[in-house]
Amino acid sequence: MCGDGMKPVEILFYNTASREKEVFAPIDPANVRMYACGPTVYDFAHIGNGRTAVTFDLVFRLLRHHFGDDHVTYVRNFTDVEDKIIARAKERNLPIAEVTEPVAKVYQEDMYALGNIAPTVEPRATAHIGDMVAMIEQLIVKGHAYEAEEHVLFSVQTMDDYGDLSRRSVDEMLAGARVDVAPYKKDPMDFVLWKPSTDDQPGWDSPWGRGRPGWHIECSAMSAHHLGITFDIHGGGIDLAFPHHENEIAQSKCAHDGAEMARIWMHGGYLQVDGQKMSKSLGNFLTVHDLIQKWPGEALRLHLLMTHYRQPLNWTEAGVREAKTVLDRWYRLLGDRQDVGGAAGPRVPEAFVAAFSDDLNTPQALAVMHELAHQASKGDGAAAAQLEAAGRLLGLFAMTPAEWARWQPSGAEIDETAVEALIEARANARSQKNFKEADRIRDELKSMGVAIEDGPDGTTWRTDT
Ligand SMILES: [Zn+2]
C-alpha cells in the first residue's frame, strides 16, 4: 500500500516463542497463513472470548492490508467434540450436533456483530477425525505415542524440547496442567491423544477401538490439513499457551520429523470485568450475545481496541460508554464531511499504518485517529476521509452515519414511522408559527428517546442516549 518508492512499513509481531518483537516475513507472501484456536461450542461466548477473536481479526485485517485480501488464509476451528459438550448433550438428551451447531451459529453472529471478518476456513473437529487418527498413527510409528487401556498417550519424555514455548519447569508444568494421574500413564505429564467412548458417548472407529480425540490433537490435525506442516502464525488467548499450545507443538513437531509448526506464536492478554476475574458465581459473566443487545457492536469493539492486545484489559460499562461517545462524535464528523473525491480521496495515513503494524499498537493507532478527528472538526475534509479509511481498517464504521445515529438497544424499539410523522407535524406547526405546538412535539420526541436537529436540509433525528 506504499507507493512512490517509499520504504514499505514493516510488520512487527511479538513472538511468545522468542519473547521478542520480530519483523514479520511470511513463508509465502502470496499465501500468508494463520491459525487461531476457536471456541468449544457448548455455550455462548463471553467478552474475553470476543477479545481473542477481535485480536486475531486485527491480525487478519493487517495482513490483508499489507499482502492483499486474497493472499491471507485464516483458519479458526470449532471444537465440536469435547467432554463439556458431551455432558451438556447428555443433560438435554440430545445428540452433540444439536448442542454444537446452534451454539456455533450464534458464535458466528456474535463475532460478526463485534466487527470481525469471517475467517477463510472454520473447520469442525468432527469433520477431521480421519486426519487426527492418521496423525496419532504417525506418532505411534515414530515412537512418540503409546497405547494403554484403549487410550493413546503422547510420551512427553520422547521430546527433548517439550516446554520450550511456555518455558516452564517440569514442576510448574505438572501444577499448571492439572495433570490427571492415571494408572495407564507411563509419566504423569503424558497427555491423551485418543480415549475410549462408552456406548452412550459419541465415538468413531479407530485402530484402538471406538473412541474420540483429545482436544490438543484436534488443532494439530486441522492446522496441518488447512495450512500445511509449517505456517506463519498461531494464535490464541494467553491461557492456551500451556498446556494446549505446548501440546500442539509436541504433536505436530514429532509427527512431522521435527519440522516447526508455526513461526510466530501470538497470545492475547486476560480480560477482567470491573477489576475482577469474570465468573458465573460473581455474577459478572458477560456474554457477547447479551452485550450486543445493549450496545452497538462497534462500541464494544472500540472498548477492546483501547487496550493493547497483550495487556490485561479491564472491561467496564463506563469504558463501553466512553467508546460509544467517541464513535458518536466520529460518525457525526463522517456524516458532516464534504465529498473530497479524486486524488485527495481516502487513504489510510502512514502514521496510522505504522502504529497498527507495530505489534497491533491500537492505542497509538487510535491516537492518530483522534488527531484526524480534531482536524476534521475544523472542516478538513481530507482528514475526515482519512479518519474513515483508518477506522475501516480497524473494523469500525461499518454503518452509515444515519444508521449509527438511529441505533437502538433491543427492547427499546422506536417506531420510525411515528417519529417521521411527528417531525412532519412539527414542521407544519412551525410553518404556521405555532411554536408552542412545535416545542411540545420536540418534547414528545425527547420522551420517546429521540433527539432532533434542524439543519439546512431539514430536520434529522437520532436516538438520544
Ligand atoms: Zn488449539
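Residues numbered from 1 in each chain as written. Predicted model: local features only at pLDDT ≥ 70, side-chain atom pairs only at ≥ 80, totals over all residues. Heavy atoms only, no water.

Under the criterion given, the structure shown has 11 aromatic pairs. Plain terms: the ring middles of tyrosine 331 and phenylalanine 397 are 5.2 Å apart, the flat faces sit at 85° to each other, and that makes the pair edge-to-face. Residue tyrosine 331 is found in helix α10 (residues 317-336), and its partner phenylalanine 397 is found in the loop between α13 (381-393) and α14 (401-405); the two are separated by 66 residues along the sequence. Considered together, tyrosine 331 and phenylalanine 397 belong to a single accessibility category, that of buried residues. Aromatic ring contacts, followed pair by pair, group Trp330, Tyr331, Phe397 and Trp404 into a single cluster. The residue whose ring lies beneath lysine 186 is tyrosine 146, and the NZ or CZ to ring-centre distance is 4.2 Å. Sitting over the face of the ring of tyrosine 14, arginine 310 holds its NZ or CZ atom 4.0 Å from the ring centroid. (Phe/Tyr/Trp six-rings, centres within 6.5 Å; stacked < 30°, edge-to-face > 60°. Helix = DSSP H or I, 4+ residues; strand = E, 2+ residues; numbered from the N terminus. Buried < 20%, exposed > 50% of the residue type's maximum accessible area, 1.4 Å probe, protein only. Lys NZ or Arg CZ within 6 Å of the ring centre and 35° of its normal.)

What follows deals with the domain arrangement of the protein chain. Under the domain assignment used here, the protein chain contains domain 1 (12-272), domain 2 (295-405) and domain 3 (416-463). A separation of 33 Å is found between the C-alpha centroids of domain 1 and domain 2. Listed per partner, the contact involves 27 residues of domain 1 and 27 residues of domain 2. For the domain 1 and domain 2 pair, buried surface summed over both sides reaches about 2200 Å², with 62% attributable to carbon and sulfur atoms. Counting across the domain 1 and domain 2 interface gives two salt bridges. In this structure, lysine 21 engages aspartate 358 in a salt bridge whose closest nitrogen and oxygen atoms are separated by 2.7 Å. There are 17 residue pairs in polar contact (both at pLDDT 80 or more) connecting domain 1 and domain 2. Looking at the side of domain 1 that touches domain 2, the elements with two or more residues in it are β1 (12-15), α1 (47-67), β10 (262-268) and β11 (271-273). (Domains from an automatic or database assignment. Contact = heavy atoms within 4.5 Å. Buried area = accessible area lost by both parts, 1.4 Å probe. Salt bridge = Lys/Arg side-chain N within 4 Å of Asp/Glu carboxyl O. Polar contact = N/O pair within 3.5 Å; in protein donor to acceptor, adjacent residues only side chain to side chain.)

Read from one edge to the other, the open sheet built from four strands follows the order β4-β3-β9-β10, with strand pairing classed as parallel. Looking at which strands have only one partner, the edges of the open sheet turn out to be β4 (72-76) and β10. Geometrically, the sheet is characterised by an average inter-axis angle of 20° between neighbouring strands, direction not taken into account. In this sheet, β10 lies alongside strand β9 (residues 231-237) in parallel orientation, the contact comprising six bridges. Bridge assignment links histidine 234 to a residue of β10, and that residue is tryptophan 265. Contacts between α1 and the sheet are confined to β3 (32-36), β4, β9 and β10, with β4 contributing the most and set at about 165° to the helix. (Pairing = 2+ DSSP bridges. Axes fitted to C-alpha atoms, helices over the stretch in contact; angles between N-to-C directions.)

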